[in-house]
Amino acid sequence: MLRRIAGIAGLAVILFGVAGTGHGQGQAIAAEADVAWKSATDQVYLIEEQGKYGFINGRGEIVLEPVNDSLVYDTQAAGSVYYVEDRGAKKQTYFDLTGKKLFECAFRACGIPYDGLALYMEKVKTADGTAATRYGYIDMQGKIAVQPIYHKAFNFSEGLARVNQGKASGYIDTKGKLVIPYRFSQTSDFSEGMAAVSLTVGGKYGYIDTSGKLVISPRFDYATPFSDGAAVVSVNGKYGYIDKTGKYIQKLQFTMAQPFSEGLAFVERNGATFYINKKGEKVIQNITAGGLFSGGLAPASRGHTYGYINKSGKFVIKDRFEWGNSFKGDLAEVYLPSSESPGYVRGFIDRSGTIVWPHDYKIGQ
């Protein structure tokens, strides 16, 4: 999952979640499923040492020393931009992966760039003369690209961002043009050209395309973004999968269902957990916990520890970690066993299972 870092507040809820849309869990999962492969030099990973934050690259080399009180970053954002918070000066300074300074923003007022634009907020005077928080977007020079006129706003995804005027939600393009009118009660980000929406408060969910056309009628209690050509949907507490026409590729039969990634999905049915393919065939069994595949590997557990399996279900990285996340590029975040509280150390491994961070970590320390 995308993770929030202690000390990052305010915009963090808007940046990483989909508060108020009814799709929080699905959005977070889908974000993992859509991670693009990047080399060791064009993706960075957040590290922590004694409460200070920095970055390493995919080879485990430090690209920013862990000397900052608070950092936030996103390896999927356009240009892989990160920022550093200076709490004393109350400002955020944005950098690219070469360390080039891009711009500064008022403390915690700006977010992470998507499609070259970052969400920001400011107090504006409304028509009745009162002050209210409104949301807009800035470019990578820190200049206003879309005026702060929205009651709610979310990150861009596939060139569109969902915004609210009052309680009604629609979508704008990167120029700020309203391309899908304010006619929805609940919305989600676009993924693979589709977005889950609800027309009424507490209503069923369907899907629209990027023109705003309702292409799958609202009939689901729960609906996630599309991933690997399929979406998880739920009715009456049972989960299944649909294709982009709304046809079930797996009927409502699961009590838990993760998105498809690289042709496989981890599900639960009748108390048993396993991976299926899109035909519904059990492909990998005897797994108690599983994650999303990335580059042929997925985190999995047979009991209390985690390792990484290939698409045949073989543990190619031994299950010796307290927890493991899906690979993002060259590295995966893991919790390494530790004798000190809280019982683990946050670290990173490469695709051979070698611990690349912390540099001095020894199993059993």
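Only a predicted model underlies this, so the values are computations on that prediction, with no experimental measurement involved. (Residues numbered from 1 in each chain as written. Predicted model: local features only at pLDDT ≥ 70, side-chain atom pairs only at ≥ 80, totals over all residues. Heavy atoms only, no water.)

Visitor: Looking at this structure, how should I read the overall build of the chain?
Guide: Across its full length, the chain holds 2 helices and 35 strands. Within the chain, contacts between residues separated by at least 24 positions form 35% of all contacts whose residues are at least 6 apart in sequence. Summing over all exposed atoms, the chain offers an accessible surface of approximately 16,000 Å²; the carbon and sulfur share of this is 50%. (Helix = DSSP H or I, 4+ residues; strand = E, 2+ residues; numbered from the N terminus. Contact = heavy atoms within 4.5 Å. Areas by Shrake-Rupley, 256 points an atom, 1.4 Å probe, with all protein chains shown as cover.)

Visitor: Just checking my understanding: could you explain the state of the cysteines for this structure?
Guide: Every disulfide links exactly two cysteines, by a covalent bond between their sulfur atoms. All told, the structure shown has 1 disulfide when counted by the stated rule. Between Cys105 and Cys110 runs a disulfide, and the two sulfur atoms are separated by 1.8 Å. Here Cys105 and Cys110 share a disulfide; its torsion about the S-S bond, 60°, makes the bridge right-handed. Note on accessibility: Cys105 and Cys110 belong to one class, buried. (Disulfide = S-S within 2.5 Å. Buried < 20%, exposed > 50% of the residue type's maximum accessible area, 1.4 Å probe, protein only.)

Visitor: For this particular structure, what's the right way to read the pattern of salt bridges?
Guide: Two side chains with opposite charge may pair up if their charged atoms get near one another. The final tally for this structure, using the stated rule, is 10 salt bridges. Of the charged contacts, one joins Arg108 and Glu85 as a salt bridge, the two residues approaching to 3.7 Å between their closest N and O atoms. Within this pair, whereas Arg108 is found in the loop between β7 (101–106) and β8 (110–114), its partner Glu85 is found in strand β5 (residues 82–86), the two being separated by 23 residues in sequence. Judged by relative accessible area, which is 5%, Glu85 ranks as buried. Between Glu192 and Lys244 there is a salt bridge, and its shortest N-O distance comes to 3.6 Å. Of this pair, Glu192 sits in the loop between β16 (186–187) and β17 (194–198) while Lys244 sits in the loop between β22 (238–242) and β23 (248–254), placing them 52 residues apart in sequence. (Salt bridge = Lys/Arg side-chain N within 4 Å of Asp/Glu carboxyl O.)

Visitor: Explain the sheet that holds strand β29 (residues 298–301) here, please?
Guide: Adjacent strands of a sheet form backbone hydrogen bonds with each other and so pair up, either parallel or antiparallel. Here 4 strands make up an open sheet; going across it, the order is β28-β29-β30-β31 and the pairing antiparallel. Strands at the two margins of the open sheet, each flanked by one partner only, are β28 (289–290) and β31 (315–321). (Pairing = 2+ DSSP bridges.)

Visitor: Help me out: how do you make sense of the packing of aromatic side chains in this one?
Guide: What characterises a pair of aromatic rings is the spacing of the ring centres plus the angle enclosed by the ring planes. Per the counting criterion, the structure on display carries 17 aromatic pairs. For the pair Phe55 and Tyr82, a centre-to-centre distance of 4.6 Å together with 50° between the ring planes defines the contact as tilted. Highlighted residues: Phe55 in strand β2 (residues 52–57) and Tyr82 in strand β5, separated in sequence by 27 residues. For the pair formed by Phe55 and Tyr82, the shared burial category is buried. With a centroid separation of 5.8 Å and 80° between ring planes, the pair formed by Tyr222 and Tyr239 is classed as edge-to-face. Highlighted residues: Tyr222 in strand β20 (residues 222–223) and Tyr239 in strand β22, separated in sequence by 17 residues. (Phe/Tyr/Trp six-rings, centres within 6.5 Å; stacked < 30°, edge-to-face > 60°.)

Visitor: Even after reading the chapter, I still don't get the pairing of β5, so can you show me in this structure?
Guide: Residues in a regular strand project their side chains so that they alternate between the two faces of the sheet. Of all 5 residues that make up β5, 4 are buried, and the element is covered over most of its length. Bridge analysis of strand β4 (residues 71–73) against β5 gives 3 bridges, and the strand direction is antiparallel. Residue pairing in the sheet places Val72 in a bridge with Tyr83 of β5. Sheet analysis places β5 next to strand β6 (residues 91–95), joined by 5 bridges and oriented antiparallel. Paired with Tyr82 across the bridge in β6 is Phe95. A loop of 4 residues connects β5 with β6, the two strands running antiparallel in sequence, and Lys90 in this loop sits at a positive phi of about 55°.

Visitor: What's the story with the sheet that holds strand β32 (residues 323–324) in this structure? I'm lost.
Guide: Spatially, the 4 strands line up as an open sheet ordered β32-β33-β34-β35, and their pairing is antiparallel. Two strands in the sheet have a free side with no partner beyond their single neighbour: β32 and β35 (355–357). In this structure, strand β34 (residues 344–349) lies alongside β35, joined through 2 bridges in antiparallel fashion. Bridged to Ile349 within β35 is Ile355.

Visitor: Explain the side chain of Gln258 here, please?
Guide: By the secondary structure assignment, Gln258 is in the loop between β24 (256–257) and β25 (265–269). Polar side-chain contacts of Gln258 include one of 2.8 Å to the backbone oxygen of Gly290. In this structure Gln258 touches Val232, Tyr241, Ala265, Phe266, Gly290, Gly291 and Leu292, once residues within four positions along its chain are discounted. (Polar contact = N/O pair within 3.5 Å; in protein donor to acceptor, adjacent residues only side chain to side chain.)

Visitor: Explanation requested: the confidence of the model for the chain in the structure shown.
Guide: As a note on interpretation, predicted positions should not be read in detail where pLDDT is low. Across the chain, the average pLDDT comes to 85, with 86% of residues at 70 or higher. Of the regions scoring below 50 in pLDDT, residues 1–40 engages in 115 contacts with residues more than four places distant in sequence or in other chains. (pLDDT = per-residue confidence, 0-100.)

Visitor: Honestly, the nonpolar core in this entry has me stumped. Any pointers?
Guide: Nonpolar side chains tend to gather and get buried jointly when the protein is soluble and globular. Ranked by internal contacts, the top residues of the largest apolar core, which has 25 residues, are Tyr94, Cys110, Tyr137, Ala153, Phe156 and Ile172. Those elements that provide at least two residues to this core are β7, β8, β9 (117–125), β10 (131–138), β11 (144–150) and β13 (161–165). Top contributing element to this core by residue count: β9, with 4 residues. The next biggest cluster of nonpolar side chains, apart from the first, holds 12 residues, and it includes Tyr207, Ile216, Ala223 and Ala231. (Core = buried A, V, L, I, M, F, W, Y, C linked by side-chain atoms within 4.5 Å.)

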